[in-house]
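# Remarks on the overall topology
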Amino acid sequence: MIPTVKKFIETHLDEIDANDFETLYFELGKTCNMIEHGIFTETLLAAGINPIEYCQHIPDGMFYNHTFSSFIIPKHIKGIDPFAFGKCFSLQEIEIPMNVEIIFDNAFGYCRELKKVIFTNPDITLARKAFFRDDFIEEVIYNGTVDQFKKMCHRCDNPANIYSAPLIKCKDGIIDQK
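Now for a description of the structure that goes with this document. (Residues numbered from 1 in each chain as written. Predicted model: local features only at pLDDT ≥ 70, side-chain atom pairs only at ≥ 80, totals over all residues. Heavy atoms only, no water.)

Here we come to the sheet that holds strand S4 (residues 93-96). The mixed open sheet is built from six strands, whose spatial order is S2-S4-S6-S8-S9-S10. With one partner strand each, in any of the chains shown, strand S2 (70-72) and strand S10 (173-176) form the two edges of the open sheet. The mean inter-strand angle of the sheet, taken between neighbouring strand axes irrespective of direction, is 10°. The pairing of S2 with S4 spans three bridges and is classified as parallel. Looking at the pairing, phenylalanine 71 lines up with isoleucine 94 of S4. (Pairing = 2+ DSSP bridges. Helix = DSSP H or I, 4+ residues; strand = E, 2+ residues; numbered from the N terminus. Axes fitted to C-alpha atoms, helices over the stretch in contact; angles between N-to-C directions.)

Let us now look at the sheet that holds strand S5 (residues 102-103). With respect to topology, four strands assemble into an open sheet ordered S1-S3-S5-S7, the strand pairing being parallel. Each having just a single partner strand, strand S1 (57-58) and strand S7 (125-126) make up the two edges of the open sheet. Relative to S5, strand S3 (residues 79-80) is paired through two bridges, and the arrangement is parallel. Note that in S5 the partner of glycine 79 across the bridge is isoleucine 102.

Moving on to the nonpolar core. Of all hydrophobic cores here, the largest spans 39 residues; its most connected members are Ile58, Ile80, Phe85, Ile96, Ile103, Phe108 and Phe119. Elements with a minimum of two residues in this core: S4, strand S6 (116-119), strand S8 (139-142), helix H4 (146-155) and strand S9 (167-170). The element that contributes the greatest number of residues to this core is H4, accounting for four residues. Discounting residues that sit within four places of it in the chain, isoleucine 80 has contacts with His57, Ile58, Ile73, Phe85, Ile96, Val100, Ile102, Ile103, Phe104, Ala107 and Phe108. (Core = buried A, V, L, I, M, F, W, Y, C linked by side-chain atoms within 4.5 Å. Buried < 20%, exposed > 50% of the residue type's maximum accessible area, 1.4 Å probe, protein only. Contact = heavy atoms within 4.5 Å.)

On to the pairing of S10. With four bridges connecting them, S9 and S10 associate as antiparallel partners. Counterpart to lysine 169 in the pairing with S10 is isoleucine 174. Here S9 folds back onto S10 in antiparallel fashion, the turn holding two residues.

This brings us to the pairing of S4. The two faces of S4 differ: Ile94 and Ile96 on one face are buried, but Glu93 and Glu95 on the other face are not. Pairing between S4 and S6: four bridges, direction parallel. Paired with isoleucine 94 across the two strands is valine 117, which belongs to S6.

Right, let's talk about the side chain of asparagine 121 for a bit. Residue position: asparagine 121 is located in the loop between S6 and S7. Of note is the side chain of asparagine 121, whose polar atom sits 3.0 Å from the backbone oxygen of valine 100. In this structure the side chain of asparagine 121 is engaged in a polar contact, spanning 2.8 Å, whose partner is the backbone nitrogen of aspartate 123. Not counting residues within four places of it along the chain, the set of residues in contact with asparagine 121 comprises Ile96, Pro97, Met98, Val100, Glu101 and Tyr142. (Polar contact = N/O pair within 3.5 Å; in protein donor to acceptor, adjacent residues only side chain to side chain.)

It is worth stressing that arrangement in space is one thing and function is another; only the former is reported here.
As structure tokens, then:
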């Protein structure tokens, strides 16, 4: 374990209420880089603590550089913060549940193997770089109409890679950009 993370855990973990992991990650961000955030999450998971159970947002860097190929976002999560899944190079598919209202810049940045993204909330707000440098997204499934998808794209001043996927499946049709 990186010494900074070890020191942080030793000095702060028992000071912070287990129900306030978002604050814990915020405090961690003052002393650690994103790689250390990911290691911190791995350390908690190894200790039998699943921090995502205690958060409404997936905090900055929570799963940074993890090696899972897919991930199911819990139904209680309302937002995905920057770099929450940054550099998850093995992540191939992600389903964003209905309750997620916002995805911030770089939340899925540099997930180079990401091929499929499923949005169940047609009213979700995406930051313009939510999927930054994810150039290989092949399929987007969007639980709204083609017009809703285009409006979502229009809300972003510089649409990210998600909008240029070759195949976008909406409830009322397909946008084929091949």
